[in-house]
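Each chain is listed here by its residues.
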Amino acid sequence: MASKHILPIVVLFLSLVSYSFAQPTTSDDLCKKTVNPYFCRSNLPRNASWDLYDYSHFSFRQSFSVSKTLSFSMTKYLKKLSKLPISSIRALNDCKELAELNMDFLSKTMGTLKSKKSSINGLQSQDMQALLSAIVTNQQTCLDGLQRYSSAWNATSDLHTPMYDGNKMYSLSLALFRNAWGKRWNGAKEMFAKNDISRKRIIHAYLRGVHVNNSVVVNPDGTGDFTTITDAINAAPNNTDISNGYHVIFVVAGVYEEYVNVVKNKMNIMMIGDGINRTVITGNRSAGDGWTTFNSATFIVVGQGFVGVDMTIQNTAGAIKFQAVALRNGADMSTFYRCSFEGYQDTLYTHSLRQFYRECDIYGTVDFIFGNAAVVLQNCNIYPTLPIHGQRNEITAQGRTDPNQNTGTSIQNCNIRASEALASSNDTTQTYLGRPWKEYSRVVYMQSFMDSLIVPPGWDIWSGDFALATLFYAEYNNKGPGSDTTNRVTWPGYHVIDTIAATNFTVSNFIAGDAWLPQTGVPYTGGLI
């Protein structure tokens, strides 16, 4: 009999929760829950009779205005200061591109949350949190670039204050969103019923069961549809919906000396090569030659839903050229399968949004898996290689700057071994699991093999005690001679975690993989191995 009363009680509870959020509140009360309470109090209306949702929408509009102003400022400086060093011009161009991305992300957020009555489920909540987290990351990337090259010119002082204030406004929007609409993703229970769409299919071992709308072939000998990858991408349709299937680009075996850029409107592209070391995309841009880290990449992905399979992406600038990115990925719900990323410092730039890497090889030296995406690397081979004499190898340098960002690096069931170059060297290179690039750096190694190259402390500092209390570094159920945690660092932010905590960093929970990975055809394990 008691079961008859369950539904009314639940409805009453939900009504009370909704009612409490919709009650007028003061900005002072809200600001106590943000990262920068003083900035929050200074920028939210003080005497408005608003609820949490009203303040959130206000902050979204303010953030959009900030992005628009910053984009205009970058354009103005680029026109006004045309005699700047090329490295400074590149940094400004990066900032302009990132500000425009932020406007797109904010427009999408405000479009989804049209009013304070907008109801979203757990998956949509994670989608929005991923976008707002990426906005903070984009702004920080711009700031990092400007700071690196500010010694070359005097105008950066005019930009630094609005840039820092913009970062605080984006952080405020993220915090208010989490308070108003933040929900936990409940995995497959929330997945919408998939439409049974009959689409054109092509015969390829990988593509069985994958919906394909169209396919083209890249072959330098002229027998395909295109001779370069760039031409094939430029010809791909814009803003395609995944319900219509992937636009597939086959790239035949060969060495492609080109810089590939899958821009934001080239969505749901699947690129398939002929295998690691057979389809090779190579470049050599580097910080040592005046490129920003952000635009030193051989291969750049921004278009949502990108899938890369069976290819090698290289940056051959060499360790002596410092930062030199092979892949920079800022595409939401993007996947790489059976690919190799080869470089030295900063090889794999997992810049932002949600990403998955399966059965990939990653080679590098300093900070060679870095960025601020929510990313899982599963069943991958990680090969620290030989750095410049005197350098140390740090596998990760995760860049989370805000505790409300749903970002971090999860390394699951991977193998960490020395590359042939490092293993055969007489150099006494020390190799660490990572170091904290930013204040809330978050990295988890779980169920992975660590060879003896990993030093007993496991983790390295960035500078002094920076971030040692605010980072989150964790290990769970790893194996191999380098996995012994007995003599690990004793920082406040370091943890040996249990099964319950480790589950938070699985494919299903950390990147909502059950909602988007099945359509890629890429195998994955949703939970712990």
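This text follows the structure it describes.
Each chain has its residues counted from 1, running along the sequence as written. Given that this is a predicted model, residues contribute local features only at a pLDDT of at least 70 and side-chain atom pairs are listed and counted only at 80 or more, while totals for whole chains, interfaces and linings are drawn from all residues. Each side-chain value is worked out from all heavy atoms of the structure, with water and hydrogens disregarded.

Visitor: Mind showing me how you'd approach the state of the cysteines here?
Guide: Simply put, disulfide is the name for a covalent bond between the sulfur atoms of two cysteines. The disulfide criterion used throughout: a pair of cysteine sulfur atoms within 2.5 Å. Applying the stated criterion across every chain, the model contains two disulfides. The side chain of Cys31 participates in a disulfide bridge whose partner is Cys40; the two sulfur atoms lie 2.0 Å from each other. An S-S torsion of about -75° defines the bridge between Cys31 and Cys40 as left-handed. You'll find Cys31 and Cys40 in the same group, each marked buried. Disulfide partner of Cys95: Cys142, at an S-S distance of 2.0 Å. On the sign convention where negative is left-handed, the bridge of Cys95 and Cys142, at about 100° about the S-S bond, is right-handed. Of the two residues, Cys95 sits in helix H5 (residues 86-112) while Cys142 sits in helix H6 (residues 122-149), which places them 47 residues apart along the sequence. Residues Cys95 and Cys142 agree in their burial class; the two are buried. Each disulfide in the protein links cysteines that, numbered along the sequence, combine into the pattern 1-2, 3-4. You can see Cys339 has no disulfide; the closest cysteine sulfur is in Cys360, sitting 5.0 Å from it. Relative accessibility under 20% of the residue-type maximum defines a buried residue, over 50% an exposed one, and the middle range a partly exposed one, all with a 1.4 Å probe and only protein chains included. According to the relative accessible area criterion, Cys339 is buried, its value standing at 0%. A run of H or I in DSSP counts as a helix once it spans at least four residues, and a run of E counts as a strand once it spans at least two, with each numbered from the N terminus.

Visitor: Is there a simple way to explain the pattern of salt bridges in this structure?
Guide: Side chains carrying opposite charge are able to pair once their charged atoms draw close together. A carboxyl oxygen of Asp or Glu within 4 Å of a side-chain nitrogen of Lys or Arg is what we treat as a salt bridge. For the coordinates displayed, the defined rule picks out 14 salt bridges. Notably, a salt bridge pairs Glu100 with Lys96, separated by 2.5 Å at the nearest N-O pair. In this pair, Glu100 and Lys96 are both assigned in helix H5, four residues apart and thus about one turn of the helix distant. Of the residues examined, Lys96 reaches a relative accessible area of 21% and is grouped as partly exposed. Put simply, Lys438 and Asp144 hold a salt bridge, and the shortest N to O gap is 3.0 Å. Taken as a pair, Lys438 in the loop between strand S22 (431-434) and strand S23 (442-446) and Asp144 in helix H6 lie far apart in primary sequence, 294 residues in all.

Visitor: Help me understand the packing of H5 against H6, please; the structure alone is not making it clear to me.
Guide: Any two packed helices are characterised by the angle at which their axes cross and by the distance between the axes. Here, axes are lines fitted to C-alpha atoms. For helices the fit covers the stretch in contact, and angles between N-to-C directions go from 0 to 180 degrees. H6 packs onto H5 with a crossing angle of 165° between their chain directions and a minimal axis gap of 9 Å. With respect to H6, the axis of H5 lies roughly antiparallel. Crossing geometry of H5 relative to H6 is assigned as left-handed. Side-chain classes follow a simple rule in which Ala, Val, Leu, Ile, Met, Phe, Trp, Tyr, Cys and Pro form the nonpolar group, Asp, Glu, Lys and Arg form the charged group, and the remainder, Gly included, forms the polar group. In terms of residue class, the contact of H5 with H6 is built from 15 nonpolar, nine polar and one charged. Roughly parallel covers angles under 35 degrees, roughly antiparallel covers those over 145, roughly perpendicular covers 65 to 115, and oblique covers all other angles. For any pair of crossing helices, the crossing counts as left-handed if the nearer helix is rotated counterclockwise from the farther one by less than a right angle, and right-handed if it is rotated clockwise.

Visitor: For this particular structure, what's the right way to read the packing of aromatic side chains?
Guide: Between rings of Phe, Tyr and Trp, where Trp is taken as its six-membered ring, a pair exists when centres lie within 6.5 Å; planes separated by under 30 degrees are stacked, by over 60 edge-to-face, and by other angles tilted. By the definition in use, this model includes 19 aromatic pairs. Taking the centre distance of 5.3 Å and the plane angle of 65° together, the rings of Trp50 and Tyr55 count as edge-to-face. As a reminder, the over-ring test applies to NZ of lysine and CZ of arginine, requiring each to be within 6 Å of the ring centre and within 35 degrees of the ring normal. The ring of Trp291 has Arg90 lying over it, and the distance from NZ or CZ to the ring centre is 3.5 Å. Its end group placed over the ring of Trp462, Arg435 keeps NZ or CZ at 4.1 Å from the ring centre.

Visitor: Which parts of the structure should I look at to understand the sheet that holds strand S17 (residues 374-378)?
Guide: Strand pairing in a sheet relies on backbone hydrogen bonds. The paired strands run either parallel or antiparallel. At least two DSSP bridges between two strands are required for those strands to pair. What the 11 strands build is an open sheet, ordered S1-S2-S5-S8-S11-S14-S17-S20-S23-S25-S26; its pairing is parallel. In this open sheet, the two edge strands, each paired with only one partner strand, are strand S1 (212-218) and strand S26 (494-496). Here the average twist between neighbouring strands, direction ignored, is 10°. With three bridges joining them, strand S25 (residues 472-476) and S26 adopt parallel strand pairing.

Visitor: Help me understand the pairing of strand S11 (residues 334-337), please; the structure alone is not making it clear to me.
Guide: For a regular strand, side-chain orientation follows a simple rule: the groups alternate between the two sheet faces. By the alternation rule, side chains of S11 split into Ser334 and Phe336 and Thr335 and Tyr337, which are all buried. Bridge count for strand S8 (residues 307-309) against S11 is three bridges, and the pairing is parallel. In the strand pairing of S11, Val307 is matched with Thr335. Of the pairings in the sheet, the one linking S11 to strand S14 (residues 354-358) comprises four bridges and is parallel in character. Bridging from a neighbouring strand, Ser334 pairs with Gln355 of S14.

Visitor: Can you walk me through unusual backbone geometry in this structure?
Guide: Most peptide bonds take the trans configuration, and most residues that are not glycine carry a negative phi. Of note in this structure, Asn379 is not a glycine but carries a positive phi near 55°. Overall, the relative accessible area of 23% leaves Asn379 in the partly exposed class. The phi dihedral of Ala512 falls on the positive side, at around 50°, and the residue is not glycine. Take Ala512: it is sitting in the segment after helix H11 (507-510).

Visitor: Looking at this model, I keep getting lost on empty space enclosed by the protein. Mind explaining?
Guide: Which parts of space are left empty comes out when a probe the size of a water molecule is rolled across the atoms. Here a cavity denotes grid points, spaced 1 Å and computed from the protein atoms alone, that fit a 1.4 Å probe unable to get out, and a pocket denotes an open set having protein on both sides within 12 Å along at least 5 of 7 lines; residues with an atom within 4 Å of a point are the lining. Grid points are joined across faces, edges and corners, and a volume is the space filled by probe spheres set on the points. Taken as a whole and judged by the stated rule, the model has two cavities of 30 Å³ or more. As a volume, the largest cavity reaches approximately 50 Å³. Lining the largest cavity we find Leu101, Asn138, Phe294, Val302, Arg328, Gly330, His351 and Ser352. Broken down by class, the residue content of the lining of the largest cavity amounts to three nonpolar, four polar and one charged. If you add up the space inside the second largest cavity, you get close to 40 Å³. The wall of the second largest cavity is formed by Thr34, Val35, Asn36, Phe39, Cys40, Lys168, Ser171 and Leu172. Residue assignment for the lining of the second largest cavity shows that the elements contributing at least two residues are helix H3 (37-43) and helix H7 (156-181). Looking at which element gives the most residues to the lining of the second largest cavity, the answer is H7, with three residues. Among the residues making up the lining of the second largest cavity, the classes are represented as four nonpolar, three polar and one charged.

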